[in-house]
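Examination of the molecular architecture
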Amino acid sequence: MGVEDIFVSPLPFLGFSIYQLVVFIVALIIGIIIVRIVANILKRTMDRLKTPPLVSGLVINIIKAIGYIIVILSVLPIIGIDTSAAGLGLSAVIGLILGFGLQDTWANMAAGVWLAVIRPFDKGDYVQVAGYSGIIHGIGVMSTTLKTFENVVITIPNKNIWGAPIVNYTREDTRRVDLDVGVAYGTDLDKAINVALETVKKHPKVLQDPAPQVVVTQLADSSVNLQIRAWTKTSDYGAVKVDLTKMIYEEFNKAGIEIPFPQLDVHIRDMPK
């Protein structure tokens, strides 16, 4: 048997030749490259159309998955595998698989599509959903990933997100900082309110429209509680809240305004003998 015969003769136990195997591998690689080229073209097109990253990412992932399946089914006949027969055989069990094993899979895929279409959040938004808080890192066919400020990645199935309330802290351009502070009973409230209000207005990142407010919110057990309300850009929210907390404490100290802490007076009486 010559070298050419060895190259084209079926391999033992496999049923296909080295030539068929080489053609199969080459065709598979070419098919994968074509799928990736199509996906990249589609991505660039969607970027030019300013499609939201979450939507484009989900669409690209679906296109790639479908493309890879088509490529595999197209090249398998090269090595003698009848994909039409395989398809007929698989069709007998697809109903059972869809009914039992893939219930969650399809639910997650459907939820992912709806999340991408309705867009309750975008990539980079800070949200609270399904008991977790973090920055949206990406949405996939099956799940959505959050990244916390501690750089921890949380993966949540899409169906759990779709069925839960979604709190989006960064969707709007501005956000109100609410800072609660208590002053001692007997404090001149007008003075405390003016000091707090002037302190807030000094901060360069506090917006003047809407105007800052300081209101009395509660007569608590050991303090009269004030709430300081200041609007700022959403991107500055964290820094402004930290700054105002420190500034209010320092300015109240300078003005002689007491910020009380819970105290308990214990009276001891002599017991009768």
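Here the structure is a predicted model, which means the values were calculated and not measured.

If you check UniProt for "transmembrane region" (unreviewed entry), the listed places come out as residues 18-42, 54-79 and 85-102 in our numbering. Secondary structure within residues 18-42 divides into 100% helix and 0% strand; the distance between the first and last C-alpha atoms comes to 36 Å.

On to the confidence of the model for the chain. On average, residues of the chain score 82 in pLDDT, and 80% of them reach the 70 mark or higher. Of all secondary-structure elements in the chain, the lowest mean pLDDT belongs to helix α4 (residues 83-101), at 52, while strand β8 (residues 224-233) reaches the highest, 95.

Right, let's get into the sheet that holds strand β2 (residues 132-139). Strands sit in the order β4-β3-β2-β1-β5 across an open sheet of 5 strands; the sheet is antiparallel. The outermost strands of the open sheet, each flanked by one partner alone, are β4 (153-157) and β5 (166-168). On average, each strand axis in the sheet is inclined to that of its neighbour by 40°, with strand direction left out of account. Relative to strand β3 (residues 143-147), β2 is paired through 4 bridges, and the arrangement is antiparallel. Across the sheet, I139 pairs through a bridge with T144, a residue of β3.

Gaps left between atoms show up when a probe the size of a water molecule is rolled over them. Each pocket or cavity is described by its volume, and for the second largest pocket that value is around 170 Å³. Forming the boundary of the second largest pocket are G124, Y126, I135, F149, Y169, T170, R175, T234 and Y237. Classifying every residue of the lining of the second largest pocket by side-chain character gives 5 nonpolar, 3 polar and 1 charged. Shared between two domains, the lining of the second largest pocket holds at least three residues of each, these being domain 2 (118-168) and domain 3 (174-255).

What follows deals with the environment of V129. Relative to the helices and strands, V129 resides in strand β1 (residues 126-129). Once the C-alpha coordinates of V129 and I156 are considered, the two residues, 27 residues apart in sequence, prove to be 9.2 Å apart. Every residue in contact with V129, bar those within four places of it in the chain, is listed here: L146, I156, I161, A164, P165 and I166.

Residues I18, V22, V26, I30, I34, V38 and I63 make up a contiguous nonpolar surface patch of about 520 Å² in total accessible area. In this structure, I30 sits in helix α2 (residues 18-48). You can call I30 partly exposed: its relative accessible area is 44%.

Quick look at unusual backbone geometry now. The residue after D209, namely P210, is reached through a cis peptide bond having omega 5°. Along the polypeptide, P210 turns up in the loop between α7 (189-202) and β7 (213-219). Positive phi is not limited to glycine here, since R119 has a value of about 55°. Here R119 shows up in the loop between α5 (103-118) and β1.

What describes a pair of aromatic rings is the distance from one ring centre to the other and the angle between the planes of the rings. In this structure the tally under the stated criterion is 3 aromatic pairs. Seen from their ring centres, Y126 and F149 are 5.1 Å apart, and the 20° between their planes marks the pair as stacked. Placement of Y126 in strand β1 and of F149 in the loop between β3 and β4 is noted, with a sequence separation of 23 residues between them. On the basis of relative accessible area, Y126 is assigned to the partly exposed category, the value being 21%. Judged by its relative accessible area of 65%, F149 falls in the exposed class. Taken together, Y126, F149 and Y169 form an aromatic cluster joined through their ring pairs. When the ring centre of Y237 is taken as origin, the NZ or CZ atom of R175, which lies over that ring, is 3.7 Å away.

This structure, assessed with the given rule, holds 7 salt bridges. We note a salt bridge from K246 to E250, for which the minimum N-O separation is 2.6 Å. Taken as a pair, K246 and E250 lie in helix α8 (residues 237-254) at a separation of 4 residues, close to a single helical turn. By relative accessible area, which is 51% here, K246 ends up exposed. Here E251 and K254 are joined by a salt bridge, their closest N and O atoms 3.6 Å apart. Placement of the pair is E251 and K254 together in helix α8, with a separation of 3 residues, close to one helical turn.

Reading guide: rules and limits
Residues numbered from 1 in each chain as written. Predicted model: local features only at pLDDT ≥ 70, side-chain atom pairs only at ≥ 80, totals over all residues. Heavy atoms only, no water. UniProt positions renumbered as here; feature names shortened; annotations may be inferred. Helix = DSSP H or I, 4+ residues; strand = E, 2+ residues; numbered from the N terminus. pLDDT = per-residue confidence, 0-100. Pairing = 2+ DSSP bridges. Axes fitted to C-alpha atoms, helices over the stretch in contact; angles between N-to-C directions. 1 Å grid on protein atoms, 1.4 Å probe; cavity = no way out; pocket = protein on both sides within 12 Å on 5 of 7 lines; lining within 4 Å. Points joined across faces, edges and corners; volume = space filled by probe spheres on them. Nonpolar A, V, L, I, M, F, W, Y, C, P; charged D, E, K, R; others polar. Domains from an automatic or database assignment. Contact = heavy atoms within 4.5 Å. Patch = residues over 30% accessible without salt bridge, like charges linked within 9 Å, V, L, I, M, F, W, Y side chains within 5 Å. Areas by Shrake-Rupley, 256 points an atom, 1.4 Å probe, with all protein chains shown as cover. Salt bridge = Lys/Arg side-chain N within 4 Å of Asp/Glu carboxyl O. Buried < 20%, exposed > 50% of the residue type's maximum accessible area, 1.4 Å probe, protein only. Phe/Tyr/Trp six-rings, centres within 6.5 Å; stacked < 30°, edge-to-face > 60°. Lys NZ or Arg CZ within 6 Å of the ring centre and 35° of its normal.

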